[in-house]
Amino acid sequence: MLVPLIKIKQIDTNNHILKEIYINPDQIVYISENYSLTQKLKEGKITLDLHPETSFTKIKINLNGYVEEITVIGAPGIIERKINNSARRLLRG
């Protein structure tokens, strides 16, 4: 089952966009907090309309030997729970 998340992508130095994505939990290699993006938001370097206390999570995804790193909105614990809750719903049918 795919998990919906909100990805933040840097267009250029000070411009970012948000995009809804769906990821396969089986392809996740690891998740960790993206401290640098969180700091940029607190410093006002990200012009999106987000709460200053918003956290970001880096997710590494293995796509058949190719590893891609994405950043999504939410703290690692929240993202992990969202992924686990999605897996449980699939098992319950």
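Everything numeric here is computed off the predicted structure, so don't read it as measured data.

Another point: the confidence of the model for the protein. Confidence in the prediction of the protein, expressed as mean pLDDT, is 89, and 92% of residues score 70 or more. For the protein, helix H2 (residues 76–92) is the element with the lowest average pLDDT, namely 77, and strand E5 (residues 66–73) is the one with the highest, namely 96.

With that settled, the discussion passes to the nonpolar core. Generally speaking, soluble globular proteins have nonpolar side chains that are buried together. Of all hydrophobic cores here, the largest spans 10 residues; its members are Val3, Leu5, Ile21, Ile23, Ile59, Ile61, Ile70, Val72, Ile79 and Ile83. Of all the elements in the fold, those that place two or more residues in this core are strand E1 (3–10), strand E2 (16–23), strand E4 (56–63), E5 and H2. The residues contacting Ile83, other than those within four sequence positions of it, are Val3, Pro25 and Ile28.

Further remarks concern the layout of surface pockets. There is about 160 Å³ of room inside the largest pocket. At the level of secondary structure, the elements contributing two or more residues to the lining of the largest pocket comprise E1, helix H1 (35–42) and E5. A total of four residues in the lining of the largest pocket trace back to one element, the largest contributor, which is E1. A breakdown of the residues in the lining of the largest pocket according to their chemical character gives three nonpolar, five polar and four charged.

About the criteria used
Residues numbered from 1 in each chain as written. Predicted model: local features only at pLDDT ≥ 70, side-chain atom pairs only at ≥ 80, totals over all residues. Heavy atoms only, no water. pLDDT = per-residue confidence, 0-100. Helix = DSSP H or I, 4+ residues; strand = E, 2+ residues; numbered from the N terminus. Core = buried A, V, L, I, M, F, W, Y, C linked by side-chain atoms within 4.5 Å. Buried < 20%, exposed > 50% of the residue type's maximum accessible area, 1.4 Å probe, protein only. Contact = heavy atoms within 4.5 Å. 1 Å grid on protein atoms, 1.4 Å probe; cavity = no way out; pocket = protein on both sides within 12 Å on 5 of 7 lines; lining within 4 Å. Points joined across faces, edges and corners; volume = space filled by probe spheres on them. Nonpolar A, V, L, I, M, F, W, Y, C, P; charged D, E, K, R; others polar.

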